[in-house]
Structure formats: structure tokens, C-alpha cells
Amino acid sequence: MHVSEVTKIRRKVLAEVSRLALEGTLEENIAGILGTVVSEDGPRYRCCVHKERAVLKDRINMALSQPIGTPLSEAAGRALAGERADLPAVNLLPEACDRCPIDKFLVTDACRNCLAHNCIASCPKKAIMVVQNRAYIDKTICIECGMCKRSCSYGAIIEISRPCERACDLKAIVAGSDRRAVIDYDKCVQCGACKVACPFGAISERSEIVQLIRRIKAGHRVYALLAPAFIGQFGPKVKPEQIIAAIGRLGFHAVREVALGADAVALAEAGEFTRAVPAEQPFLTTSCCPAFVTMVEKHLPDASERVSTTVSPMIAAAKAVKEEDPSAAVVFVGPCVAKKAEALRYPDLVDFVLTFEELAAMFVGAGINVAETDAGAHLTAASRDGIGFARAGGVTQAVLDTLAHMSPGAVVKPQRAEGLADCHAVLAKMQQGSLDANFLEGMACQGGCVSGPGTMTDPRLSAKLLEHYAAQAPVATAPDNPAAREEKDLHRRTK
Amino acid sequence: MSTLLVEICLGTSCHLMGSQDILDAIETLPPEKRGKIDLRGVTCLKTCRKGPNARVNGVVLSEITPDRILAVIEDNLP
């Protein structure tokens, strides 16, 4: 996973904000970040240092969960008071957006003004003419059908698409009237794909690190719920126990693995499948990926009843903590941006959501080097299948293994979908009854959670490390795990 | 055969700034060059604020990029 300059700047801002908040000097020194992250003589990515800093102010506001345009010391004061603005998880940074061109088809220098003029011949709207010895597309007539591009013998006509638009499978981000990107939150499911795609770093998730640090410093019992994708995220040589110990050094009271919540989910979902399919409904879909669940709600509402009512492993794990320690603060730490939106639906259960990137920035801000952290041995409390939830196919595996144990006669025809376009297409087919399947695993990210927008390690590597970690689990499946039980109250709603 | 000692910091700060990219750049060198490099991961080079950091033949290089480490290696290969 290539760490671009844009990614480095975002991470530096998060680390500096963490450092100042931990030191207790955030409000006085917040403006100093403008100088430390972008120096006068440092590398320049924009027209001038002033523009660079204007962009940085947007980033700092996002790092503090405050509205774009809030003066920095005011934003710092609010964050330190624990305030979080009512912002979506994924936000556009208007200063950072480079207003990429919206002309879809462009004639390049490779045009030779040939005799055939296949472009002109192919254009159904007669929008192409020759100007200054080269083909020219009249934008007022062009309908962007792409015939000219396909017909050119030289490949001289290229299709330009905005990276954010191309990344969004749900067409939720478009160019506004000033060519700046605009997110349509009626369609957006906060998956974070546009954030990963934008080469200008103009889209970012809001962060709650300062609000979290405030709680830790106030002496609250703060629990970290560590998503199974954490394996390998802090470097290939860092051991899981070192990560857990480092979280403790940050001042967290305890660390719990979300994979144990995943075991409870596997039991609940398998139970639900046995009861509902095919008696009440032709098929059941998973519900652990919040971007998938929201996609169904917003884009295929007719299929909402097919989505499992079982809560996500995050919520199952959070419930377990709150039952044990009702006054605890719960922080989900994972690879996911959409979890930030999911958590808002459960304000009594999940207090904060961090990405692995944000946690690493907190480590750096605190001067904690995970690679040099001493730690005792750690044995996971979750099953192999629970840990497997972090990669595509893992939830299916867990439910199949649970069903094999729970109701051996059940007929399961599993189907998988990765990426929101695929999820949408496959689910639509299943709704029509044109796919012979009765169980759908929907993952918004290709490859599952290990590929999430909040990760730091190449998913090809982290998926391997995850397999290795899962293989060491003391039990293989959820029904084998004495620590996991099927709970009746693990459902979002009753049908 | 003498080899060139190249150490890459894999501490948290350098990891966050992309030390894995530096490691990958060296790992994917052609065998005739890769074979002359003694590549090691270290946990800290004490210049955390200027990561990613590397050390080539005992000299610490800060804010290193894949292109720059390859250029330095090229200049120092035995």
C-alpha cells in the first residue's frame, strides 16, 4: 500500500494533534501545526505556502471533528471540551479539491488529422470538427457517448474521469457548479472509497482523537475494541501482543477483540438463517459491513427485509463491555470509515471510532513505538472463524461452520459480493430470484475489512498475517468457543 | 563477497510515514543488486520526527523516499 505525500500530510496532522492534546497544549499551539507540517522551505504541492496552509486548516478542523472554516483555536477549544460537530463520517475539504476537469472526452496531441476521420464519422451528434489541424469536440453538443474514443485508430481521444467519481460505485459524488466535488449524502454510504482515490487528499473522515484523549486524561475507564484486521497493521514484525500492550500504554483500561463479538454474531446469524430461510424469506444477507447495510437501505430498500437483523461484531462486542462495566467508554478501533456512521446509531454502546491510522498517529503523538513495546504472551479469546471475519469469505465460512454444528440438515447456498457495485448487482439479482443462492455475504471493500480505507498495510500481506494469526486460535468455530454464546438481544429489530 | 548494510526503520513513526514502501523498493531490486545488500529491519533510528528513516553503511538518511534510497544504494554498492 503506497503511502503518498497526501497520506503523509494527513497522518502528520493527526500525530501532531494527538501530541499536543496529550501534552495539554493543543489550544495554545494548534496554529503551530501549520508551520510544522508545511514549512517555508519544505516541499510544495500547491501554488504557494498560503494555499498549502489554507488546505491544512481544513484538515485540522476535520482532525478535530469541527466544521470546515472554524477558526483553529476555537475548534481546538471545542474538541477539548468534548464537543463533536454533527458531521458525516466522510467530508469534502473544499480548499483541497482541485476542481478536476469535467470534460469527459479529450483530443490529445496524438491526433494526426488523418484522412479517415473515424471520430467525425462515428459521432452520432456531429459534435466533432477539425480545428487547427486536429479534431475538436464541441462540448455544447457532445453527449459523452464515447464513440469517438473507440473509433480513433490512434487512440488519440482519451476519457477523463474524476478519481472520486470513478471510485464511487453508488454515484454519490459529483462535480458541483464550481467543479468542486459535492457528496450527495442521500446516496453516500460513507465507505471511504473516494477518500482513498482522491490524489489531492480532498476527502477525509472526521476524527475524534482529541475528544477521546480528553476522556482518557480524565481517568475514565476506556475500552478499546480491536477489530480482527489489526493483525499486521503496525508493521510486519510487530506482534499482536505488542499492539495490545501499546494501547494500554496510551491509557486505555482494557483491550477486547471484536473477533469475539464476531463469534456471537456467527451464532446469532446462523440461528436466524435456520429460523427464517426458506420459511419466511428466500435468502438472508450478512449485516456486519455497515456500508453494505446502508447501501441496501438507500439503494435497494425493497431488499432491506433480507438483511440479517443481527447486529455487527462491533455492537456485539460493545454490548458485552457495557454489560460488564456500564460506565465504561467504548472505542472501536478498526479499518473502517463507515463504522463512524454506524456508531452514531448506537450512542449508548459505542463512544468513539478510530481507524488503525488514527491509533498509529496517537502512538506517534505519545512517543510510543509499538515495535519496541515489551509485551507478554497473548492468546486470542476468539475462534479462528471469528478472526476470519476480517477478510472476504470469512463471514460465510463462520456461518457455514456454525450451521454445520447447529442444524446439520440446513441447505445453504452461499454467494459472495465484494465492492459496492458488485454487492448492488448481486443483491438485485437475488431479489429477482435469478441467482440460485440463499445466503449473501456483502462486503463494501474488495477483499473485505483488511482492505479498508483506515488500514496501513498492503492487504495482500495483512491477509496472510491474519490467516496465520487465525490458525493459532485455540478453537476453530464459534460453537466450539465457550466464551461465545448466542444471545437473544443481538438483533437490530424484530421482524 | 562484501555486502552493503541497509537498515530500514520499522518503528511506528516510520511505519506511519511509509517505511514499508522503502523496504518493498529494495526487495524488488534485480537479484544481481539485491544479492549485494544486507537488508535489515530496525526498530528505531532516533530521528522519529523525520521519518521514514534508513541507515546505509552507518549513515542515517531521513525523510527517505523509494527513489532516493535506490539512488543511494546505487552509489554505494560494492
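Only a predicted model underlies this, so the values are computations on that prediction, with no experimental measurement involved.

Caption draft 1: Broad picture of the sheet that holds strand β10 (residues 254–257) of chain A. All names here are of chain A. As summarised here, the arrangement of the 4 strands in space is β10-β9-β12-β13, forming an open sheet in which the pairing is parallel. Each of the sheet's edge strands pairs with one partner strand only, and the pair in question is β10 and β13 (352–355). Pairwise comparison of adjacent strand axes, ignoring direction, gives a mean angle of 25° for this sheet. For strand β12 (residues 329–334) and β13, the ladder comprises 4 bridges, and the chain directions are parallel. Across the sheet, the residue bridging to glycine 334 is threonine 355, located in β13. Helix α10 (residues 209–217) contacts β9 (222–226), β12 and β13 of the sheet and is inclined by roughly 120° relative to β13. This element, helix α16 (residues 356–366), spans β9, β12 and β13 of the sheet and lies at about 85° to β13.

Caption draft 2: Inspection of the environment of Lys51(A) at higher detail. All names here are of chain A. Tracing the backbone shows lysine 51 in helix α4 (residues 49–63). Residue class for lysine 51 comes out partly exposed when judged on its relative accessible area of 22%. Note: C-alpha distance between lysine 51 and glutamate 95 (44 residues apart in sequence) is 8.0 Å. With near-sequence residues (within four places) excluded, lysine 51 lies in contact with Arg46 and Glu95.

Caption draft 3: Quick peek at helix α12 (residues 258–276) of chain A. Between its terminal C-alpha atoms α12(A) stretches 26 Å, which fits the 27 Å expected from 19 residues at 1.5 Å a residue. When you tally the buried positions in α12(A), you get 16 out of 19 residues, the bulk of the element.

Caption draft 4: Quick peek at the side chain of Asn53(B). All names here are of chain B. Among the structural elements, asparagine 53 can be located in the loop between β2 (37–42) and β3 (54–56). One polar contact links the side chain of asparagine 53 to the main-chain carbonyl oxygen of threonine 47, over a distance of 2.8 Å. Among residues more than four places away in sequence, those in contact with asparagine 53 are Ile8, Cys9, Cys14, Leu45, Thr47, Cys48, Leu61, Ser62, Glu63 and Ile64.

Caption draft 5: A look at the environment of Thr310(A). Residues and elements named next belong to chain A. Mapped onto the elements of the fold, threonine 310 is located in the loop between α13 (290–299) and α14 (313–324). Residues threonine 310 and histidine 491, spaced 181 residues apart in sequence, show a C-alpha to C-alpha distance of 4.3 Å. Side chain to side chain, threonine 310 and glutamate 272 meet in a polar contact 2.8 Å long.

Caption draft 6: Quick peek at the packing of α13(A) against helix α19 (residues 420–432) of chain A. Residue and element names in this part refer to chain A. The N-to-C vectors of α13 and α19 enclose an angle of 55°; their axes lie 11 Å apart at closest approach. Taken together, the axes of α13 and α19 lie oblique to each other. Here the hand of the crossing between α13 and α19 comes out right-handed. Contact residues: Ala291, Phe292, Met295, Val296 and His299 in α13; Leu420, Cys423, His424 and Leu427 in α19. In the contact of α13 with α19, the residues fall into 7 nonpolar, 2 polar and no charged.

Caption draft 7: Structural view of the sheet that holds strand β11 (residues 284–285) of chain A. Residues and elements named next belong to chain A. Spatially, β11-β15-β14 is the arrangement adopted by the 3 strands of the open sheet, whose pairing is parallel. The sheet is open, and its two borders are formed by β11 and β14 (414–418), each paired with just one other strand. Bridge count for β11 against strand β15 (residues 439–443) is 2 bridges, and the pairing is parallel. Along β15, the bridge assignment pairs leucine 284 with phenylalanine 439. Contacts between helix α18 (residues 394–406) and the sheet are confined to β14 and β15, with β15 contributing the most and set at about 150° to the helix.

So, how was this worked out
- Residues numbered from 1 in each chain as written.
- Chains lettered and ligands numbered in written order.
- Predicted model: local features only at pLDDT ≥ 70, side-chain atom pairs only at ≥ 80, totals over all residues.
- Heavy atoms only, no water.
- Pairing = 2+ DSSP bridges.
- Helix = DSSP H or I, 4+ residues; strand = E, 2+ residues; numbered from the N terminus.
- Axes fitted to C-alpha atoms, helices over the stretch in contact; angles between N-to-C directions.
- Contact = heavy atoms within 4.5 Å.
- Buried < 20%, exposed > 50% of the residue type's maximum accessible area, 1.4 Å probe, protein only.
- Expected span 1.5 Å × (residues − 1).
- Polar contact = N/O pair within 3.5 Å; in protein donor to acceptor, adjacent residues only side chain to side chain.
- Parallel < 35°, antiparallel > 145°, perpendicular 65-115°, else oblique.
- Left-handed = near helix turned anticlockwise from the far one by under 90°.
- Nonpolar A, V, L, I, M, F, W, Y, C, P; charged D, E, K, R; others polar.

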